[in-house]
Amino acid sequence: MSIYSKNGRLMIPVRSRRRGKIAKDNPCDVRYVVDKVYCPKGCNLVDKRQVINDFPGIRIGFKRDNGEGEFVISAVEGDFEKQVLHGKLEDGTKDELFCPHCGEEFRVLVDCNCSDGAEMVVLGLTPKLNYNNAITFCNVTGCSNGSFIRSGEVIRHVRLRNC
Ligand SMILES: [Zn+2]
Ligand SMILES: [Zn+2]
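Residues numbered from 1 in each chain as written. Chains lettered and ligands numbered in written order. Predicted model: local features only at pLDDT ≥ 70, side-chain atom pairs only at ≥ 80, totals over all residues. Heavy atoms only, no water.

S.K.: What is the right way to look at the overall build of the protein chain in this model?
M.R.: Assigned secondary structure in the protein chain consists of zero helices and 13 strands. Reading the secondary structure of the protein chain in the N-to-C direction produces β-β-β-β-β-β-β-β-β-β-β-β-β. Within the protein chain, the proportion of its 163 residues that are buried is 45%. (Helix = DSSP H or I, 4+ residues; strand = E, 2+ residues; numbered from the N terminus. Buried < 20%, exposed > 50% of the residue type's maximum accessible area, 1.4 Å probe, protein only.)

Structure follows, in structure tokens:
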């Protein structure tokens, strides 16, 4: 099911894509987009060179016993598209997620109920991690559990279509 995009990066249509691409079903759909996301040590993880669905994505390192690499996730709420920069993700497999700049492992918020050992990691929207101002997502590939923990200012309210 994987295809290579024209710039050679692997595009993975994860399971949640069946919910439809952004705003396709509902032209007035409004999503939140984060423009600043930080590792636990304060490195900025938004990478302006890695654009997914018109917005710079969030760059993440991953590793497990038999592999490692980097991927970028969409900064758009509810959009589970990701691009693998190098390495290989395996559907249904948990990875240790860490900062690609300093190597700091991401903090775990709670267990995810999708599979044994799955965890929801948390990334702050401020350089100093504040769990009330963060995004959280599962560390198992293909699991679409995740949400934005909202608090006004650093999250821009974006209309993806005019309506
Ligand atoms: Zn870092
Ligand atoms: Zn999960």
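Resuming the write-up.
S.K.: Can you help me understand the coordination of the zinc ion (ligand 1) in this one?
M.R.: Ideal values for angles at a metal depend on the geometry: 109.5 degrees with four tetrahedral donors, 90 or 180 degrees with six octahedral donors. Around the zinc ion (ligand 1), the protein supplies Cys39 (SG), Cys43 (SG), Cys99 (SG) and Cys102 (SG) as donor atoms, at distances of 2.3 Å. Here the donor residues of the zinc ion (ligand 1) are spaced in sequence according to C-x3-C-x55-C-x2-C. Of this pair, cysteine 39 sits in the loop between strand E3 (30-34) and strand E4 (46-52) while cysteine 99 is found in the loop between strand E8 (96-98) and strand E9 (107-111), placing the two residues 60 residues apart along the sequence. Accessibility classification places cysteine 39 together with cysteine 99 in one group, the buried group. (Donors = N, O, S within 2.8 Å, 3.2 Å for Na, K, Ca; no water.)

S.K.: What exactly am I supposed to notice about a nonpolar patch on the surface here?
M.R.: Judged by side-chain polarity, Leu109, Val110 and Tyr131 come together as a nonpolar surface patch covering roughly 250 Å² of accessible area. Looking at where leucine 109 falls in the secondary structure, it is placed in strand E9. (Patch = residues over 30% accessible without salt bridge, like charges linked within 9 Å, V, L, I, M, F, W, Y side chains within 5 Å. Areas by Shrake-Rupley, 256 points an atom, 1.4 Å probe, with all protein chains shown as cover. Salt bridge = Lys/Arg side-chain N within 4 Å of Asp/Glu carboxyl O.)

S.K.: Mind showing me how you'd approach the packing of aromatic side chains here?
M.R.: Any two aromatic rings considered together are summarised by their centre-to-centre distance and by the angle between their planes. This structure, assessed with the given rule, holds one aromatic pair. Residues phenylalanine 62 and phenylalanine 71 carry aromatic rings whose centres are separated by 5.6 Å and whose planes lie at 35° to one another, so their mutual orientation is tilted. Residue placement shows lysine 63 over the ring face of phenylalanine 98; its charged tip is 4.4 Å from the ring centre. (Phe/Tyr/Trp six-rings, centres within 6.5 Å; stacked < 30°, edge-to-face > 60°. Lys NZ or Arg CZ within 6 Å of the ring centre and 35° of its normal.)

S.K.: I tried to follow the coordination of the zinc ion (ligand 2) on my own but got confused; where do I start?
M.R.: Taken together, the protein ligands of the zinc ion (ligand 2) are Cys112 (SG), Cys114 (SG), Cys138 (SG) and Cys143 (SG), with distances of 2.2 to 2.3 Å. One can describe the donor arrangement at the zinc ion (ligand 2) as tetrahedral, given that its four donor atoms subtend angles of 107 to 116° at the metal. Of note, the donors binding the zinc ion (ligand 2) are all from one chain and are spaced C-x1-C-x23-C-x4-C. Linking cysteine 114 in the loop between E9 and strand E10 (119-124) with cysteine 143 in the loop between strand E11 (134-138) and strand E12 (146-149), this pair joins segments that are 29 residues apart in sequence. Classification of cysteine 114 by relative accessible area gives partly exposed; the value is 35%. (Tetrahedral: all angles 85-135°; square planar, octahedral: opposite > 155°, others 65-115°.)

S.K.: Honestly, the pairing of E10 in this entry has me stumped. Any pointers?
M.R.: The two faces of a sheet get side chains in turn, since along a regular strand they alternate between them. Counting buried residues along E10, five of its six residues qualify, which places the element largely inside the surrounding structure. Here E9 pairs with E10 via four bridges, running antiparallel. Looking across to E10, one finds that aspartate 111 is bridged to glutamate 119. Looking at chain direction, E10 and E11 are connected through five bridges and run antiparallel. Within the sheet, the bridge partner assigned to leucine 123 lies in E11 and is isoleucine 135. (Pairing = 2+ DSSP bridges.)

S.K.: Before we go on, may I ask you to explain the nonpolar core in this structure?
M.R.: Taken as a class, soluble globular proteins show a tendency for nonpolar side chains to be buried jointly. Counting 25 residues, the largest nonpolar core has Val37, Ile58 and Phe106 as its most contacted members. Looking at this core, the elements that each hand over two or more residues are E3, strand E5 (55-64), strand E6 (67-73), E10 and E11. No other element matches the four residues that E5 contributes to this core. Residues within four places of isoleucine 58 in sequence aside, it is in contact with Val34, Val37, Leu45, Val46, Phe71, Val72, Ile73, Ser74, Ala75, Leu123 and Ile135. By size, the runner-up hydrophobic cluster in this structure holds six residues, among which are Ala118, Met120, Val140 and Cys143. (Core = buried A, V, L, I, M, F, W, Y, C linked by side-chain atoms within 4.5 Å. Contact = heavy atoms within 4.5 Å.)

S.K.: It is not clear to me how the pairing of E6 should be interpreted in this structure. Could you clarify?
M.R.: For E6, the tally of buried residues reaches five of seven residues, placing the bulk of the element in the interior. Relative to E6, E5 is paired through seven bridges, and the arrangement is antiparallel. Bridge assignment links phenylalanine 62 to a residue of E6, and that residue is glycine 69. Once E5 ends, the chain turns through two residues before running back antiparallel as E6. Judged from the four bridges that link them, E6 and strand E7 (residues 82-86) form a sheet pairing that is antiparallel. Bridged to phenylalanine 71 within E7 is valine 84.

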